[in-house]
Every structure is written in structure tokens, then in C-alpha cells.
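One-letter residues, chain by chain:
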Amino acid sequence: MTADFRHFYQKNWAERTAIVAQQAHLTPAEQALFKQYYLPQHHEIIENYLTDYPLPMGLAVNLVVDGVDHIVPMVTEEPSVIAAASNGAKIVKRAGGFTTVLNQREMIGQIVLEQLSDPAATAAVIEAHAAALLKVADAAHPSLKKRGGGARRLRTRVLGQGYLSIDLFVDVQAAMGANMLNSMLEAVAKSIGVMTKQDALLSILSNYATASLVKAICDIPVGLLQAGRYAGKLVAQKIASASTVAQLDPYRATTHNKGIMNGIDAVAIASGNDWRALESGAHAYAVKDGQYRGMSTWTSDGRMLHGELELPLPVGIVGGSIKINELAQLNQRILGIQTAGDLERIMVAIGLAQNLAALRALVTTGIQQGHMHLQLKSLAMAAGATPEELPVILQRLELASQQDLATTQQLIAELRQTKEETDD
Ligand code: NDP
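Quick caveat: nothing in here was measured; it's all calculated off a predicted structure.

Conventions and cut-offs
Residues numbered from 1 in each chain as written. Predicted model: local features only at pLDDT ≥ 70, side-chain atom pairs only at ≥ 80, totals over all residues. Heavy atoms only, no water. Near = heavy atom within 4 Å. Polar contact = N/O pair within 3.5 Å; in protein donor to acceptor, adjacent residues only side chain to side chain. Areas by Shrake-Rupley, 256 points an atom, 1.4 Å probe, with all protein chains shown as cover. Helix = DSSP H or I, 4+ residues; strand = E, 2+ residues; numbered from the N terminus. Core = buried A, V, L, I, M, F, W, Y, C linked by side-chain atoms within 4.5 Å. Buried < 20%, exposed > 50% of the residue type's maximum accessible area, 1.4 Å probe, protein only. Expected span 1.5 Å × (residues − 1). Contact = heavy atoms within 4.5 Å. Axes fitted to C-alpha atoms, helices over the stretch in contact; angles between N-to-C directions. Parallel < 35°, antiparallel > 145°, perpendicular 65-115°, else oblique. Left-handed = near helix turned anticlockwise from the far one by under 90°. Salt bridge = Lys/Arg side-chain N within 4 Å of Asp/Glu carboxyl O.

Chemist: What am I meant to see in the site of the ligand here?
Modeler: If you check the shell around the ligand, you find 21 residues, and the closest are His141, Ser143, Arg147, Gly177 and Asp274. A distance of 2.6 Å separates an oxygen atom of the ligand from a polar atom in the side chain of serine 143. The separation between an oxygen atom of the ligand and a polar side-chain atom of lysine 323 is 3.2 Å. If the ligand stood free it would expose 940 Å²; the protein chains cover 70% of that surface. The element that contributes the greatest number of residues to the shell around the ligand is helix H7 (residues 178–196), accounting for four residues.

Chemist: Explain the nonpolar core here, please?
Modeler: The nonpolar side chains of a soluble globular protein tend to be buried, and buried together. Residues Leu63 and Met74 are the most contacted members of the largest nonpolar core, which totals 57 residues. Considering every element that reaches this core, the biggest residue donor is helix H12 (residues 340–362), with eleven residues. Listed in part, the 31 residues of the second largest apolar core include Met107, Leu168, Ala178 and Ala277.

Chemist: I would appreciate a short explanation of unusual backbone geometry in the present structure.
Modeler: The phi torsion of most residues other than glycine is negative, and most of the peptide bonds are trans. The residue histidine 7 is not glycine, and still its phi comes out positive at about 55°. One non-glycine residue with positive phi stands out, namely asparagine 48, at about 50°. Relative to the assigned elements, asparagine 48 resides in the loop between helix H2 (28–36) and strand S1 (57–65). Judged by its relative accessible area of 36%, asparagine 48 is partly exposed.

Chemist: Would you take a moment to explain helix H1 (residues 13–24) for this structure?
Modeler: When the terminal C-alpha atoms of H1 are compared, their 16 Å separation across twelve residues agrees well with the 16 Å that a helix rising 1.5 Å per residue should span. Listed in full, the buried residues belonging to H1 are Trp13, Arg16, Thr17, Ile19 and Ala21. Looking at the buried residues of H1, the elements they touch are H2. Capping the start of H1 is the job of one residue whose side-chain oxygen sits 3.2 Å from the backbone nitrogen of alanine 14: asparagine 12.

Chemist: What's the story with the environment of serine 243 in this structure? I'm lost.
Modeler: Among the structural elements, serine 243 can be located in helix H8 (residues 232–248). Once the C-alpha coordinates of serine 243 and alanine 253 are considered, the two residues, ten residues apart in sequence, prove to be 8.6 Å apart. Excluding its chain neighbours within four sequence positions, the residues that come into contact with serine 243 are Ser296, Thr297 and Trp298.

Chemist: So what exactly am I meant to see when it comes to the packing of helix H5 (residues 130–140) against H7 here?
Modeler: Between H5 and H7, whose axes approach to 8 Å, the crossing angle comes to 140°. By the angle between their axes, H5 is oblique relative to H7. Viewed along their axes, H5 and H7 form a crossing whose handedness is right-handed. Contacts from Leu133, Val136, Ala137, Asp138 and Ala140 of H5 reach H7 at Ser183, Met184, Ala187, Val188, Ser191, Ile192 and Met195.

Chemist: In this structure, what is going on with the pattern of salt bridges? I would like to understand it.
Modeler: Across all of its chains, the model carries twelve salt bridges by this definition. Of the charged contacts, one joins lysine 258 and glutamate 78 as a salt bridge, the two residues approaching to 2.6 Å between their closest N and O atoms. Separated by 180 residues along the polypeptide, lysine 258 in helix H9 (residues 250–270) and glutamate 78 in the loop between strand S2 (68–75) and helix H3 (81–94) bring together distant segments of the chain. For lysine 258, a relative accessible area of 40% gives the class partly exposed.

Structure (C-alpha cells):
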């Protein structure tokens, strides 16, 4: 029988868990998981809260950004991410670390008008009143101005087919600023409505945060890149070639960029930031000239390998769920950051470190060698190996002709059988 989901959001936690248990035929042991990860304050964050979903958090080390050493908390379920970030960062540390460039930290929000017979004329009216509209924006969230931020400028863009976008640039200080900006935009949209007799189609921030760009740069003597039988100069040249392929081919660029975001997302989650916002902005920036390309570039003159990564990374150190997430706040202390800009610099550097480690592995021994040991560990645990059994199972798995779930379960069964026989 299907459970009754009417007014589900009004049910209390016990009622909600009972409904889910009934619908999904959950055992008492399965239901106990809800209690195990339950945090009462999280009812305040999302609707229909059930429980928390634990993800591993670890630390990447060796990251030097603008001369400062950072320990980087990362939240990820992918086995090789933290090892790769630390490995890439270590190579760059030996070369003096990452340098970063951050010139501006403003969020852009847009108000879109539609069905305009003469969008350029409407744009001219709005631009003539820009100063007054900026005041309206500031009045909608006055505390921002008091902190030294606030609305900075207004731009209009004729989009075609009768649409006009009015873009508001706001200095959101230490926050990511989505909610603050959205309140400001709705107030400005009302004033524009009075001014132009046009109701806005929509008013919301844009995640294409091109006024919040941050860049990481590194220069590595090729000797530091040597990997097994591959000389450093050859590795550098191959990394540069792989980078060129990611500029030419969207199939390769997508995976290249996924590796970069492996690092950035993990820090975004650990610092309580909205990683979906960063993902959408970063991928949009990767297609800024009309073709989707690798986010980073690597070049080599045979002596040095030069790497660059520039991305929009509008993150916050206050606001959103950060204020009620104790671990996010603790992680800021571990990161050793004072400002949202500091966090941006670390995130872009970790993305480039991650990318370096992935490319170096890819063009030499292949990605699987490093990955597989960690993947086999996940496989063994999924097959039911206990922590005590893990070392032996991993050894046997590495020698096995097939590395799949059935083989692993077979190996575990054999190990337990042998143990029983020896115990007898
Ligand atoms: P908040 O709505 O929490 O606003 C920021 C808060 O931080 C305000 O309460 C502000 O206080 C406080 N604050 C304290 N110190 C500072 C400081 N130095 N500088 C700036 N603010 C300070 O968060 P945001 O506006 O940053 O919005 C982020 C949230 O919005 C995220 O959770 C995101 O997921 C979500 N979101 C994202 C969207 C998107 O990406 N498209 C769309 C909608 C929401 P005070 O009020 O006194 O100014």
C-alpha cells in the first residue's frame, strides 16, 4: 500500500520516518541509521529533513599559496582525490608554491525585461537613472554598505527578441551573496517597473560570476616532474600536449575539468559553500569563447613547466549554511584564512594541483596505477572485508585476474574459511 504523503512537510520527524519505513519496508536496523546521523538543527536548513548523509573528510597537505603553507580540509567520496591534490601540491611546493591573482570580488545579478518594442531605448532610460537604482539596491540590504560593500554599478545588455538584461554588480564582502543580491534585485526591479511600466520577467543573481575571477599560476623546473623511467623534460612536454588536447577537444576537456573540480568541490563542501553554484560558473567560463575547453593551460619551454588556471569562484566565509555548520567554521581555522578571497586563492590552487597530479599520472604510468589501489580498497570494503582482513584481501586482489565484486567476495570467503580451519 502506498503511504499517505499529504502534508508531508507538516509531519514531525517520527511521523516522517515511520512513513518512509512503511513505504520502503525498512527493518529496525535500517531505520536506526536515520537516528545515527540525525542532527536536530538541520531541520532549519532543508525541508522534510530526515537525517544527515556522511561523507569522508580528509586533509590535503603541501599546498603553498602566495608563500603561505595551508592544510586543506576536503570532503569527498572519491578515493584518489586527496592523494592527488597533496601530490600535485608537493611538486609545486618544491618549485616555490602557487602564486594567485585576484583583482575583483563582485557578484552579478540580473533583472530581465521582456516584450520590449525598443530595448535599446529602455536601456537608455535605465542607465540614465543608474545612480538612483544603485541607492535602491543598497537600501534593500543596508548592512552590506555599512560593512564597506554594496551596489557598485549597473550595466544593460540587449539580448535580442525584445529581451533586456539589467546587470547589477555588488560587492558582497565576506559572503557568497546570493540571497543578499536577490533581495536587492527584487527591490531594483520594482523601481524599474515604476520607471518603465514594465514588469520584470525575473530577477536573480547570475552564477556566471565573471567579476569574481581568481587565477593560480605555477612554474615548475622540469626536473621535479620526473616519474619512474620518464625524464622530467619529457613529462613536461607530455603534460603540455595533454593540455593542448583539452583546448581542442570537448571530450577530453570535460574529463580534464572534472579532475580540476574534484579538488575545488571537495574544498567547497568542507567550507560550507554552494558547490553547484561554483560548478555552473566554472563550466560556463570554460566555454567563454564559444567552445568548451580545458579550464587550465600548461606550457613548457623544455626547462620549466608553466601552469595557469583562472575561474570564477565566488565563495563565502559567512552566510548560507556556514553560520550553523560547526565543521565548516572549524575548517576555516584549519585552512588559516581570514577573508573570502583567501579561500578563493586556496581553491583555485588546489584545482591546479589536482590537475597537475592527474595529468602527470595520465601521461606516464596511466591513471589506474595510483587509482586502483584506492579503488580496490573501496571494492574490498563494499564486498564486506573487515579492517583486519583488508591488507590480505588487497594483496590477493592485486594478483587476481579479475578485480570485481564476485572475485572479492570469493577471496573473503576463502580467507575466512582458512581462518576457521586454522582456529579449529
Ligand atoms: P545569507 O543570506 O546568509 O547572507 C549573508 C549573511 O552573512 C547575512 O546575514 C549577513 O548579515 C551576514 N554577514 C556577516 N558578516 C558579513 C560580512 N562581513 N560580509 C557579508 N555578510 C556578512 O547568504 P548569501 O547572501 O551569501 O547567500 C548564500 C546562500 O544562497 C547559499 O546558501 C546559496 O546556496 C544560496 N543561494 C544560491 C543561489 C544560486 O547560486 N543561484 C540562489 C539562491 C540562494 P547581515 O544580514 O547583517 O548583512
